[in-house]
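Residues per chain are reported as follows:
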Amino acid sequence: MKRFRHLLLLLLSLLPFAGKATHNQAGEIIICQLGGLLYEATIITHTRTSSPADRPEFILDWGDGSPLDTIARDSLVPIPSMDVQRNVYISTHTYVGGAVYTLQYEDPNRVGGVVNIPGSVNIPICVQTTIMVPLDEDEIYGCSPRFLNPPLQEACIFQPWYHNPGAWDPDGDSLSYQLRVCRGAGCEEIDPYFFPDEIAPGPDNEFEMDPITGTISWVSPHFPGMYNFAFMVIEWRDGDPIGFVERDMQVFVNEPCNNQTPEIQEVLDTCVTAGDFLTLNITATDPDVAQDLDLTALGEPLIVATSPAQFLSPINNNPVSGTFSWATVCAHVRLQPYQMVFNVRDNDADVPLEDYETMFITVVAPAPENPIATPLSDAIQLNWDASICSNATGYTVYRRSGSYGFVPDNCETGVPAYTGYVQISGDCINSTSYLDNDPDLFVGNEYCYMVIACFPDGAESYASIEFCAILEQTVPIITHVSVGQTDITTGIDTVRWSNAWDLDTLQYPGPYFFKLYRGNGFSGANTLIETTASSNNFQHPDTTFIDTNLDTETGPHVYRVELFGNGGNDTIGDSSPATSIFLSIDPNDELLNLSWQSITPWVNTLYEVQRFDGVTFVPIGTTANTNYTDTALVNGTEYCYRIKSTGAYSLPDFQDVLINFSQEACGIPVDLTPPCPPTLALDNDCDVPLNTLTWNNPITSCANSDDCNTYSIYFSPTQDGELQLIATITGCTDTVFEHVIDGSVAGCYAITATDSIGNESAFSNIVCGDNCPYYALPNVFSPNNDGQNDLFVPFPWRGVERIDLQIFNRWGQVVFATEDPAVNWDGLHAEKKEPVPDGVYFITCTVFYQRLTGIVPEQINGYVHVLGGAGAVNGN
């Protein structure tokens, strides 16, 4: 196909040019919001200076149905060395908000002789730009992307060619790039159009554009001449596209050419903290050692309004090195990175060649400094210094229980989820303080925090250092909720707690006593079960309670302790609730899956799994998780377990290790694991016709399958139909199945394996086959009862579900009709039941083929000669 298109191209290129002025070589439209709904469009074209067709005015379609705008040229810059001039046209327009608009201009005509646009001299140039105008005129669209590199370039035959348009967005929006077909009359895609690598195509002729960096590479041109191609730069904001700019540009491939392409060493992306000085060394070389190199740079950092970057490089060296330097400031902080494009160009006298290297620089705000956490009685007060970046719009606070020790890597902004920190403040609060009064803060535990600064476009600073605090122990804290006996009616829990040792006893004098509350399950400790005796001594003797006559077998219990002072006149406060550990067991094949749950104000760091050996509970394993699988068990045998937890509070003066036990729970392993799904293959022979299924035995091919008893085969006659069971094979050694339905082999299959317990595997892969249907009718038969061709029947057919056949005589009367694919017409008239006369009869037949996609009709029409019948000749 490519060879045919190339021949077509060469033939079209021989056509004579039309007698029209030709001049267009490249163009684009840039648009910018001036304020509210007022927008300014800038058309930039590159045209041939020597052409008599000049455009002092230009016509722009604003894309909103308004009259076409005739725009006077704003500036003209000649480029004598290329016989080219750069034309700029500028105009303004007021839009209606809340819509998407596509601006475009169309101008006749392109320059003649463009290799990949046959008849280019007769084809206009047209480019488009699309913008999304906000509904609210106070919303900001900003400006579309624009380019720092010109659209006219030169290449050398059989040498790699590289180009980067140097696109950047004034609003810091993200950009992506995509090649497209050049546009012509009516702004439709030109047809035929050929991408540059479709001219003299081959494996060493590839033309592509990097969708992220925008670098265009052509490795390598194989045919000399002018080429035009177009690409669009898509503008993204908050993950959504908000517009695009098209550029139609031109490259001239020279021949002959003895030059070789220079090369820039790879430059890696980087991040820099605002306020730091970034320095990079850029080096380029050329295999033509006698040539000198010019190393330059393009990119937004070089043109930002505040503290722009610099690039210094000597010329006339090979190799050549340059220095990129940037004194970054807070005004440079943004979510999207800045792109830098480095360009090296040799000084070949005939065709200078270039190379490009791109990199991204992200400017990150420094972390908020001097954070501090101050514990209060039931909350933690957080404070930090304002960011040195005054353009920060606020701060976001994160918390976790205990320290992680997070130190961000270079470019690792914000607070990553893997640290276990969770956001506790609103997004970007406008304050340098935050009160953490979460009711789930537990007395006695350490809580750590990090703060980040945030910016209008969603950029985040580096995270602050971790800063931590522990709530003062001004209320009692529970230390033990341990199951002492497992029973549905006589179960026992042991509850212990520690007093409020940080309490101000002058503010809260005695006598003191506690009230203990209980609830069933994991919440709702509201039932009073114990009130201790009063004690004038703050070191109260009653801090243990044995709770009896409980159902500890089917569920946990939750407890809460409340402290009273001044003989009950002062309610000092209550502890955080704590539950017993509740163990659940899920049986499976030769194993038991254990899982447990508890809610405690302390942190459990280790769990010991104990199994009953007939005499006592012995340890069989430890884990920091809340699940454990006990394997290599015997199906049908009961095993009993309990969990021992080890935990602690974060209080520095509270060194006790907290040991608690779950209830005892038992389980019996049972085989619930199905075999692995077989892998199914299909031999779809539509000529026989026959479908042959083959599959693997899961016992021999899957380590997790040791039992297989039957296979179940499922079938659907269509691709989208529901699979239905059609066969069951007993014994797993037979892994072949043949199937056909009324001559049809269209349909899809799946298979499952079932073990001796009845566990059925998931479906195998689904395989599908199709018919190669055939149906044809003869054009003569002789119903004279001589035993030869007495019936009108089709040739051997296949894949037919039904037919709708009618046979007409010469007067258009139906003499026979059937839906049976076998037909079997004996030559009798359908109504008269008499032999039809000899002659020619016309046939209309709709054949309904059975296909994988369903029933597919096909019309076949024809005729049949009836010869030697009982009727009169030619009497039909």
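Up top is the structure these notes are about.
Residues numbered from 1 in each chain as written. Predicted model: local features only at pLDDT ≥ 70, side-chain atom pairs only at ≥ 80, totals over all residues. Heavy atoms only, no water.

Colleague: I'm lost on empty space enclosed by the protein in this one. Help?
Modeller: To find the voids left in a structure, one rolls a probe of water-molecule size over its atoms. Counted by the stated rule, this structure contains 1 cavity of 30 Å³ or more. Taken as a whole, the largest cavity holds about 30 Å³ of empty space. Along its surface, the largest cavity is lined by Leu148, Gly166, Ala167, Trp168, Leu298, Gly299, Glu300, Gln339 and Val341. For the lining of the largest cavity, the secondary-structure elements that each account for two or more residues are β11 (167–168), β20 (293–299) and β23 (338–346). For the lining of the largest cavity, a count of residues per class yields 5 nonpolar, 3 polar and 1 charged. (1 Å grid on protein atoms, 1.4 Å probe; cavity = no way out; pocket = protein on both sides within 12 Å on 5 of 7 lines; lining within 4 Å. Points joined across faces, edges and corners; volume = space filled by probe spheres on them. Helix = DSSP H or I, 4+ residues; strand = E, 2+ residues; numbered from the N terminus. Nonpolar A, V, L, I, M, F, W, Y, C, P; charged D, E, K, R; others polar.)

Colleague: Mind showing me how you'd approach the sheet that holds strand β51 (residues 724–730) here?
Modeller: Taken in spatial order, the 4 strands of this open sheet run β51-β50-β53-β54, and their pairing is antiparallel. In this open sheet, the two strands that pair with only one neighbour each are β51 and β54 (767–769). Looking at each pair of strands side by side, their axes are set apart by 25 degrees on average, direction ignored. Looking at chain direction, strand β50 (residues 710–716) and β51 are connected through 6 bridges and run antiparallel. The partner of Tyr711 across the bridge, within β51, is Ile729. (Pairing = 2+ DSSP bridges. Axes fitted to C-alpha atoms, helices over the stretch in contact; angles between N-to-C directions.)

Colleague: Looking at this structure, how should I read the nonpolar core?
Modeller: As a rule of thumb, soluble globular proteins bury nonpolar side chains together. Counting residues in each nonpolar core, the largest one holds 73 residues, and the members touching the most others are Phe324, Phe342 and Tyr449. Setting aside its immediate chain neighbours within four residues, Phe342 contacts Ile264, Ile282, Thr296, Ala297, Phe311, Phe324, Asp355, Tyr356, Glu357 and Met359. Counting 33 residues, the second largest nonpolar core, distinct from the first, contains Leu175, Val181, Ile216 and Tyr227. (Core = buried A, V, L, I, M, F, W, Y, C linked by side-chain atoms within 4.5 Å. Buried < 20%, exposed > 50% of the residue type's maximum accessible area, 1.4 Å probe, protein only. Contact = heavy atoms within 4.5 Å.)

Colleague: Got a minute to help me understand the pairing of strand β27 (residues 394–401) in this structure?
Modeller: On a regular strand, one side chain projects to one face of the sheet and the next to the other, so that they alternate. With 6 of 8 residues buried, β27 is to be regarded as a mostly interior element. Inspection of the sheet shows β27 paired to strand β30 (residues 446–454) by 8 bridges, in the antiparallel sense. Along β30, the bridge assignment pairs Thr396 with Ile452. Relative to strand β28 (residues 422–423), β27 runs antiparallel, the two being bridged by 2 bridges. Residue pairing in the sheet places Tyr398 in a bridge with Gln423 of β28.

Colleague: Sorry, what's going on with the state of the cysteines here?
Modeller: What we call a disulfide is simply a covalent bond connecting the sulfur atoms of a pair of cysteines. Applying the stated rule across the entire model yields 12 disulfides. For Cys428, the disulfide goes to Cys454, at an S-S distance of 1.8 Å. Negative torsions about the S-S bond denote left-handed disulfides, and the value of about 115 degrees found for Cys428 with Cys454 makes this one right-handed. Residue Cys428 is found in the loop between β28 and β29 (433–436), and its partner Cys454 is found in strand β30; the two are separated by 26 residues along the sequence. Residue pairing for Cys448: its cysteine sulfur links by disulfide to Cys468, the two sulfurs lying 2.0 Å apart. Disulfide Cys448 to Cys468: torsion about the S-S bond roughly 105 degrees, handedness right-handed. Here Cys468 lies in strand β31 (residues 467–470) and Cys448 lies in strand β30, a separation of 20 residues in the sequence. Judged by its relative accessible area of 0%, Cys448 falls in the buried class. Given the relative accessible area of 30%, Cys468 is considered partly exposed. Take Cys182: it sits in no disulfide, and the sulfur closest to it among the cysteines is that of Cys126, at 11 Å. Here Cys182 falls in the buried class, since its relative accessible area comes to 0%. (Disulfide = S-S within 2.5 Å.)

Colleague: Is there a simple way to think about the packing of aromatic side chains in this case?
Modeller: Ring pairs (aromatic) are described by centroid distance and by the angle formed between their planes. Counted according to the given criterion, the structure contains 33 aromatic pairs. Aromatic pair Tyr39 and Tyr95: ring centres 5.7 Å apart, planes at 75 degrees, arrangement edge-to-face. Within this pair, whereas Tyr39 is found in strand β2 (residues 38–48), its partner Tyr95 is found in the loop between β5 (84–94) and β6 (99–107), the two being separated by 56 residues in sequence. Take Tyr39 and Tyr95: they sit in the same class, and that class is buried. Judged by centre distance (4.9 Å) and plane angle (80 degrees), the rings of Tyr714 and Phe763 are edge-to-face. With a gap of 49 residues between them, Tyr714 in strand β50 and Phe763 in the loop between β53 (747–754) and β54 connect regions that are remote in the sequence. A relative accessible area of 42% places Phe763 in the partly exposed class. (Phe/Tyr/Trp six-rings, centres within 6.5 Å; stacked < 30°, edge-to-face > 60°.)

Colleague: Could you clarify how one ought to interpret the environment of Pro56 in this entry?
Modeller: Of note, Pro56 is situated in the loop between β2 and β3 (57–60). The spatial distance from the C-alpha of Pro56 to the C-alpha of Asp74 is 8.9 Å, given a sequence separation of 18 residues. Excluding residues within four positions of it along the chain, Pro56 makes contact with Ile71, Ala72, Arg73 and Tyr89.

Colleague: Just to check I follow, could you spell out the environment of Ser425 for this structure?
Modeller: Structurally, Ser425 can be placed in the loop between β28 and β29. Through-space distance from the C-alpha of Ser425 to that of Ile726 is 60 Å; in sequence the pair is 301 residues apart. With residues up to four places along the chain from it excluded, the contact list for Ser425 reads Tyr395, Thr396, Val397 and Tyr434. Reaching out from Ser425, the side chain makes a polar contact with the backbone nitrogen of Val397 at a distance of 2.8 Å. (Polar contact = N/O pair within 3.5 Å; in protein donor to acceptor, adjacent residues only side chain to side chain.)

Colleague: Looking at this structure, I do not really get the side chain of Thr494. What am I missing?
Modeller: Structurally, the position occupied by Thr494 is in strand β33 (residues 491–498). Beyond its immediate stretch of four places on either side in the chain, Thr494 contacts His480, Val481, Ser482, Thr544, Phe545 and Ile546.

Colleague: Explanation requested: the layout of surface pockets in the structure shown.
Modeller: Approximately 640 Å³ is the volume attributed to the largest pocket. Around the largest pocket, the lining is made up of 27 residues, and of these Pro170, Asp171, Gly172, Arg334 and Asp457 lie nearest the centre. Across the lining of the largest pocket, the residue classes tally to 13 nonpolar, 7 polar and 7 charged.

Colleague: Sorry, what's going on with the sheet that holds strand β59 (residues 854–866) here?
Modeller: Think of a sheet as strands paired side by side through backbone hydrogen bonds, with each pair either parallel or antiparallel. Strand order in the open sheet formed by 5 strands is β55-β59-β58-β56-β57, with mixed pairing between adjacent strands. Because the sheet does not close on itself, it has two edges, and the strands there are β55 (780–781) and β57 (814–818). Across 8 bridges, the pairing between strand β56 (residues 800–808) and strand β58 (residues 839–851) is antiparallel. When the sheet's bridge partners are listed, Ile807 is paired in β58 with Ile843.

Colleague: Hey, could you run me through a negative patch on the surface in this one?
Modeller: Side chains of Asp136, Glu137, Asp138 and Glu139 sit close together on the surface and give a patch of like negative charge. Following the sequence through the fold, Asp136 ends up in the loop between β7 (125–133) and β8 (146–147). Exposure remark for Asp136: the relative accessible area of 37% places this residue in the partly exposed category. (Patch = residues over 30% accessible without salt bridge, like charges linked within 9 Å, V, L, I, M, F, W, Y side chains within 5 Å. Areas by Shrake-Rupley, 256 points an atom, 1.4 Å probe, with all protein chains shown as cover. Salt bridge = Lys/Arg side-chain N within 4 Å of Asp/Glu carboxyl O. Lys, Arg positive; Asp, Glu negative; His and termini not counted. Charge placed at Lys NZ, Arg CZ, Asp CG, Glu CD.)

Colleague: For this particular structure, what's the right way to read the pattern of salt bridges?
Modeller: The final tally for this structure, using the stated rule, is 19 salt bridges. Residue Asp107 pairs with Arg55 through a salt bridge whose shortest N-O separation is 2.7 Å. Here Asp107 is found in strand β6, whereas its partner Arg55 is found in the loop between β2 and β3, with 52 residues between them in sequence. According to the relative accessible area criterion, Asp107 is buried, its value standing at 5%. Taking the relative accessible area as the measure of exposure, Arg55 reaches 21% and is therefore partly exposed. For Arg802, the salt bridge is made with Glu801, and the minimal N-O distance between the two is 2.7 Å. On the accessibility criterion, Arg802 (30% relative accessible area) is partly exposed.

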